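# Descriptive analysis of the structure
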Amino acid sequence: MGKIRVGFGFDVHQLKEHHPFVLGGVDLEHHAGAFGHSDADVLLHAICDALLGAANLRDIGFHFSNTDDRWKGISSLKLLQHVMVLLREKGWEIGNIDAMVCLEAPKINPHIPAMKIHIAAAAGITEDDISIKATTNEKLGFIGREEGVVAYAVCLIEKIAEIRPVL
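Everything in this summary refers to the structure shown in the same document. Note that this is a predicted model, so its numbers are computed, not measured. Here the residue numbers are simple positions, counted from 1 along each chain's written sequence. Per-residue local features of the predicted model are confined to residues with pLDDT of at least 70, and side-chain atom pairs are confined, for both listing and counting, to 80 or more; whole-chain, interface and lining totals are unaffected and use all residues. Think of the side-chain values as coming from all heavy atoms in the structure, minus any hydrogens and water.

## Looking at the overall build of the protein chain
A run of H or I in DSSP becomes a helix once it reaches four residues, and a run of E becomes a strand once it reaches two; helices and strands are each numbered from the N terminus. Regarding its fold elements, the protein chain presents five helices and seven strands. Ordered by position in the sequence, the α and β elements of the protein chain form the string β-β-β-β-α-α-α-β-α-β-α-β. Radius of gyration (C-alpha) of the protein chain: 16 Å, near the 15 Å computed for a compact globule of 167 residues. Seen along its three principal axes, the alpha-carbon backbone of the protein chain occupies a region of about 55 × 35 × 25 Å. Note on exposure labels: buried denotes an accessible area under 20% of the residue type's maximum, exposed denotes more than 50%, and partly exposed covers the range between, all computed with a 1.4 Å probe on protein chains only. Buried positions account for 45% of the 167 residues belonging to the protein chain. Here the contacts in the protein chain between residues at least 6 apart in sequence split such that 74% fall between residues at least 24 apart. On the protein chain, roughly 8800 Å² of surface is accessible, and the fraction owed to carbon and sulfur atoms is 54%. Of the side-chain charges in the protein chain, 16 are positive and 22 negative, and the distance between the mean point of each set is 6 Å. Put simply, the radius of gyration uses C-alpha atoms, and a globule should come to 2.2 Å times the residue count raised to 0.38. Note on contacts: a residue pair qualifies if any of its non-hydrogen atoms lie within 4.5 Å across the two residues. To measure how exposed things are, a 1.4 Å probe is used in the Shrake-Rupley method; for residues, cover is taken only from the protein chains shown. In summary, the charge assignment counts Lys and Arg as positive and Asp and Glu as negative, without counting His or the chain termini. Taken as the charge location is NZ of Lys, CZ of Arg, CG of Asp or CD of Glu.

Below you can see the structure in the form of structure tokens.
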């Protein structure tokens, strides 16, 4: 067995009225959407953080600063693609991703298959390697009041090749 590592990611974004809501690379119809520097896709941000953490490559804010105009409004699928380049440069591949989104509305279960397609394509893995689940916060707190959305992700990565520096 090769070397394996586990990573954990978390992200939260405020919901704003009449703002686009992108989740897992899918545009959702809703009266409010997640607000942030990029497209504010909390699911992809949590996945990126889990992958970066597992590979000991710091966090999403280090690589994609919210003060850098290069990332303003960018699709988080592009951020995930960039994270995959960083992982592969270090010889890592994804074993699996398990994610949880916590929000009151909209219901995302009908959109999960499309989210898995987008994430799999951006990460270069199969849809079967991705689990996405959803829950509510039972009307409690900022999530229950529909003021924000939260996502959590864990991942397993495996070393596929020993990368040695060129002398």
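## Things to note about the pattern of salt bridges
Salt-bridge detection follows one rule: a side-chain nitrogen of Lys or Arg within 4 Å of a carboxyl oxygen of Asp or Glu. Applying the stated criterion across every chain yields a total of four salt bridges. Linking Glu 93 and Arg 88 is a salt bridge whose minimum nitrogen-to-oxygen distance equals 2.7 Å. A relative accessible area of 33% places Arg 88 in the partly exposed class. Between Arg 145 and Glu 147 there is a salt bridge, with the nearest N and O atoms lying 3.0 Å from each other. Judged by relative accessible area, Arg 145 falls into the exposed class, the value being 53%.

## With respect to the state of the cysteines
The disulfide definition used here is simple: a pair of cysteine sulfur atoms within 2.5 Å. Under the counting rule described, the total for this entry stands at zero disulfides. Free of any disulfide, Cys 48 has its nearest neighbouring cysteine sulfur in Cys 155, separated by 10 Å. Cys 155 sits in the buried class, given a relative accessible area of 4%.

## Comments concerning the pairing of strand E6 (residues 130-135)
Paired strands, in this sense, are two strands between which DSSP finds at least two bridges. Pairing of strand E5 (residues 92-102) with E6 involves six bridges; the strand directions are parallel. Among the inter-strand pairings, Cys 102 is bridged to a residue of E6, identified as Thr 135. Note on handedness: a clockwise path from strand one over the helix to strand two, with the strands aimed away from the viewer, defines a right-handed crossover. The handedness of the E5 to E6 crossover, carried by helix H4 (residues 112-123), is right-handed.

## Quick notes on the packing of helix H1 (residues 42-54) against helix H3 (residues 76-89)
When two helices pack together, their arrangement is given by the angle between their axes and by how far apart the axes lie. In this analysis, axes come from line fits to C-alpha atoms, helices being fitted only over the stretch in contact, and the angle between any two N-to-C directions falls in the range 0 to 180 degrees. It is the contact of H1 with H3, at a shortest axis distance of 9 Å, that shows an interaxial angle of 10 degrees. Relative to H3, the element H1 lies roughly parallel. Residues Leu 44, His 45, Ile 47, Cys 48, Leu 51 and Leu 52 of H1 touch H3, and the partners they reach there are Ser 76, Leu 77, Leu 79, Leu 80, Val 83, Met 84, Leu 86 and Leu 87. Put simply, Ala, Val, Leu, Ile, Met, Phe, Trp, Tyr, Cys and Pro go in the nonpolar bin, Asp, Glu, Lys and Arg in the charged bin, and everything else, Gly too, in the polar bin. Its residues assigned to classes, the contact of H1 with H3 shows twelve nonpolar, two polar and no charged. Put simply, angles under 35 degrees are roughly parallel, angles over 145 are roughly antiparallel, angles from 65 to 115 are roughly perpendicular, and the rest are oblique.

## Looking at the layout of surface pockets
Here the term cavity refers to a set of points on a 1 Å grid, laid over the protein atoms alone, in which a 1.4 Å probe fits but cannot get out; the term pocket refers to an open set having protein on both sides within 12 Å along at least five of seven lines, with lining residues being those that place an atom within 4 Å of a point. Grid points are joined across faces, edges and corners, and a volume is the space filled by probe spheres set on the points. Taken as a whole, the largest pocket spans an internal volume of roughly 230 Å³. Lining the largest pocket are Asp 11, His 13, His 37, Ser 38, His 45, Ile 60, Gly 61, Phe 64, Ser 65, Asn 66, Trp 71 and Leu 79. For the lining of the largest pocket, the elements supplying multiple residues, two or more each, are strand E1 (4-17) and helix H2 (60-63).

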